[in-house]
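Summary of the model geometry
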Amino acid sequence: MEKHDVIIVGAGHNGLTAAFYLARKKLDVLVLERSDVVGGCCVTREIIGGYRFNLGAAFPTTLHPRVVSDMKLKEMGLKFIRSEMMYAVPFPDGTGIRLYTDVGKTCDEIARFSARDAAAYPEFVQLARDFSEIFDLVRLFPPPDLKDMFSLVEDPADLESFKDIMFLSSKDLLDRYFESDKVKAALAIMGQDGYILSPYSPGSPPGLLFHLAGRWATVQGGMGTITQLMARAAEEAGAAIRTGVEVSQIVVENGQAVGVRLADGTVIGARRIASNADPRRTFLNLVGPESLEDKFTAKIRNYKTEATGFKIDLALDEMPEFTAFPGEPIGMFGIGPSLEYLERAYDDFKYGRPSENPYMLGLVSTLQDPSLAPPGKHYLYLWVQCAPYDLKEGDWDQIKDRVADRTIDILAGYVPNLKRAISGRFVQSPLDLERRFNITRGDWGHGAMTFDQMFSFRPNLECSGYRTPVRNLYICGSGTHPGGGVSGVPGHNAAMVILADEGLAEEEK
Ligand SMILES: Cc1cc2nc3c(=O)[nH]c(=O)nc-3n(C[C@H](O)[C@H](O)[C@H](O)COP(=O)(O)OP(=O)(O)OC[C@H]3O[C@@H](n4cnc5c(N)ncnc54)[C@H](O)[C@@H]3O)c2cc1C
């Protein structure tokens, strides 16, 4: 029987990162990926002739610099494109706000709506930056206990802020700083990106603050460039990667993982297995409850795994023109003109309906990277929020085109030339995302990113340190600390734990 030191189930960016760190220490690593391409949700593909769509992620906001430098991704050609404008939010009355990485410039924008809000903005951005720094401190290590997170904050004033971020809603927090509903909406909209919390939900500020910290960029050639280069780095370090190979079972004998069974029945042995599949898929489908204690299985079943969004990629014949920003090409934008609008969109989601008036994030990707479309054409990426996996009525295959039409109608209210410009579209419902990426219930983060499922509770106390109750089985994907997003950190951290168990622990840098 074929046998390896480590098998990694899944070549998402975290599986590839783990493979790199393990192979670099001369372990014999085999990565098995069911799709015909590596990258999982971080992938760029040609679906409509000449257009290269980011079918999942669009922004490398969370990609860890250590991973980039260790894997030498820049030396291999990875290029970030940064823009001064973070994003723009148009309003139905024809006004709009642009947010810049430059705080002063953003204050000038905000001052058009409220001088008081413009004065408050620098302090709010500082809060966002401080929070992101604390989060960064704990990213590259096994997760801290929640109680330890508080002890990282020394100044009592900072502790108050930290407590507010964890327990207030975005609305409550924004109300403390700002008066204009337009300003509040413009700030809140990014915070709701991909989270199953509304602006009125306690615990919702982290997403908002993280985005405002200003780490905006896109990747030349699309997000798939990252994972293509990661695969190259892993292979050059000595790992083998096989695509188009589905693992149907993680074979467990006497409480210990000993190999994997493929969909065609072949069994491949390994001393250790790391799963890049999400925790529910890993434990409920691949390991199976028969090899787990009932209490653990129940915890995994209770681990919240929910879709939040719906994806539309549009091929355009012309650049979208926003009424709110005449003559100015806009790259990144958000549609969601008030806190109440955002909350009502979430209400539909809560009750099992795709929202009638969804909020959405858009990126005219070709503004910065024309290589993603044929010459003179444009690619518009839309991540439409508040799309529940479970529908009260109907199923996604029946309704997805209607939901996409409605979304485009709403956007056309802000972009009059939109409908004329569309020459093709590719729509992915939460069900499609699940089918394409094998992410349970279409959840991009392999589990909701709410405080009850973060740090040492991700996915639960028993396996948040990347080891699991099954000996020699590890989890290395976004369902572990620090969570979803293209960061490479779960893969890095899991590899460090495996190396420690192999007696090959890396020196702290
Ligand atoms: C529409 C969308 C938009 C997003 N936008 C952003 C963004 O802008 N910025 C950002 O940072 N993040 C974004 N994300 C989230 C981010 O893409 C994911 O959290 C991240 O890519 C997950 O990486 P991963 O390696 O942990 O898992 P995945 O990417 O899910 O990879 C897991 C891999 O395992 C494979 N696999 C699963 N089961 C098996 C099996 N049985 N056998 C073999 N292979 C298997 C899958 O095919 C997949 O390739 C977005 C996600 C989506 C879907």
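Model, not experiment: these values are computed from the prediction.

Comments concerning the packing of helix 8 (residues 181-191) against helix 9 (residues 205-212)
Two elements in contact, helix 8 and helix 9, have axes separated by 7 Å at closest approach and are oriented at 100°. Looking at the two axes, helix 8 sits roughly perpendicular to helix 9. Contacts between helix 8 and helix 9 pair L187, A188, M190 and G191 from the former with G207, L208, H211 and L212 from the latter. Among the residues making up the contact of helix 8 with helix 9, the classes are represented as five nonpolar, three polar and no charged.

Side note on the nonpolar core
By size, the foremost hydrophobic cluster in this structure holds 110 residues, and its most contacted members are Y87, Y121, F124 and L212. At 10 residues, helix 4 (residues 115-137) tops the list of elements feeding residues into this core. If you look at the next biggest cluster of nonpolar residues, it comprises 45 residues, including F20, V68, M223 and A274.

A few points about the pattern of salt bridges
Taken as a whole and judged by the stated rule, the model has 37 salt bridges. A salt bridge links R435 to D397, with the shortest nitrogen-to-oxygen separation between them at 2.8 Å. With R435 in helix 16 (residues 430-437) and D397 in helix 14 (residues 396-412), this residue pair connects regions lying 38 residues apart in the sequence. By relative accessible area, R435 is classed as partly exposed at 42%. Classification of D397 by relative accessible area gives partly exposed; the value is 41%. Here R467 ties to D501 by a salt bridge, and the two come within 2.8 Å at their closest N and O atoms. Placement of R467 in the loop between helix 16 and strand 18 (473-475) and of D501 in helix 17 (residues 489-501) is noted, with a sequence separation of 34 residues between them. Look at the salt bridges and you will find they share partners, linking D5, R271, R272 and E502 into a network.

Re the environment of E46
Looking at the element boundaries, E46 is found in strand 3 (residues 44-46). Classification of E46 by relative accessible area gives partly exposed; the value is 48%. Linking E46 and L372, residues 326 residues apart in sequence, is a C-alpha distance of 9.1 Å. The contact partners of E46, leaving out residues within four places of it in the chain, are Y51 and R52.

Here's the deal with the packing of aromatic side chains
Counted according to the given criterion, the structure contains 17 aromatic pairs. Taking the centre distance of 4.9 Å and the plane angle of 65° together, the rings of F322 and F333 count as edge-to-face. Taken together, the positions of F322 in the loop between strand 13 (309-316) and strand 14 (332-335) and F333 in strand 14 put the pair 11 residues apart, joining distant regions of the chain. We classify F322 as buried; its relative accessible area is 3%. Looking at F333, the relative accessible area reads 1%, which means it is buried. Taken together, a centroid distance of 6.4 Å and an interplanar angle of 25° make the contact between F451 and F455 stacked. A relative accessible area of 4% places F455 in the buried class. Among the aromatic residues, those joined into a ring-pair cluster are F131, F135, F162, F210, F451 and F455. Residue placement shows K105 over the ring face of Y100; its charged tip is 4.5 Å from the ring centre. Geometry around Y200 places K171 over its ring, the cationic atom sitting 5.6 Å from the centre.

Quick notes on the domain arrangement of the protein
Here the domain parsing of the protein yields domain 1 (3-34 + 244-302 + 447-501), domain 2 (43-60 + 80-101 + 306-442) and domain 3 (108-213). Put simply, the middle of domain 2 and the middle of domain 3, counted by C-alpha atoms, are 24 Å apart. Between domain 2 and domain 3, the contact holds 33 residues from the first and 28 residues from the second. Of the roughly 2400 Å² buried where domain 2 meets domain 3, counting both sides, 68% is carbon and sulfur surface. The largest contributions to the domain 2 side of the interface with domain 3 come from Y87, I97 and L339, which together make up 26% of the buried area. At the junction of domain 2 with domain 3, the criterion picks out two salt bridges. Residue E109 pairs with R98 through a salt bridge whose shortest N-O separation is 3.0 Å.

Thoughts on the site of the ligand
Neighbouring residues of the ligand: 36 residues in total, closest E33, F59, W444, S478 and V486. The side chain of S478 places a nitrogen or oxygen atom 2.7 Å from an oxygen atom of the ligand. Its free accessible area being 1000 Å², the ligand has 96% of it covered by the protein chains. Of all elements in the fold, only helix 1 (13-23), helix 11 (279-287) and strand 16 (378-385) reach the threshold of two or more residues within the shell around the ligand. Of the residues assigned to the shell around the ligand, the class counts are 16 nonpolar, 15 polar and five charged. Here the shell around the ligand gathers at least three residues from each of two domains, domain 1 (3-34 + 244-302 + 447-501) and domain 2 (43-60 + 80-101 + 306-442).

Conventions we followed
- Residues numbered from 1 in each chain as written.
- Predicted model: local features only at pLDDT ≥ 70, side-chain atom pairs only at ≥ 80, totals over all residues.
- Heavy atoms only, no water.
- Axes fitted to C-alpha atoms, helices over the stretch in contact; angles between N-to-C directions.
- Helix = DSSP H or I, 4+ residues; strand = E, 2+ residues; numbered from the N terminus.
- Parallel < 35°, antiparallel > 145°, perpendicular 65-115°, else oblique.
- Contact = heavy atoms within 4.5 Å.
- Nonpolar A, V, L, I, M, F, W, Y, C, P; charged D, E, K, R; others polar.
- Core = buried A, V, L, I, M, F, W, Y, C linked by side-chain atoms within 4.5 Å.
- Buried < 20%, exposed > 50% of the residue type's maximum accessible area, 1.4 Å probe, protein only.
- Salt bridge = Lys/Arg side-chain N within 4 Å of Asp/Glu carboxyl O.
- Phe/Tyr/Trp six-rings, centres within 6.5 Å; stacked < 30°, edge-to-face > 60°.
- Lys NZ or Arg CZ within 6 Å of the ring centre and 35° of its normal.
- Domains from an automatic or database assignment.
- Buried area = accessible area lost by both parts, 1.4 Å probe.
- Near = heavy atom within 4 Å.
- Polar contact = N/O pair within 3.5 Å; in protein donor to acceptor, adjacent residues only side chain to side chain.
- Areas by Shrake-Rupley, 256 points an atom, 1.4 Å probe, with all protein chains shown as cover.

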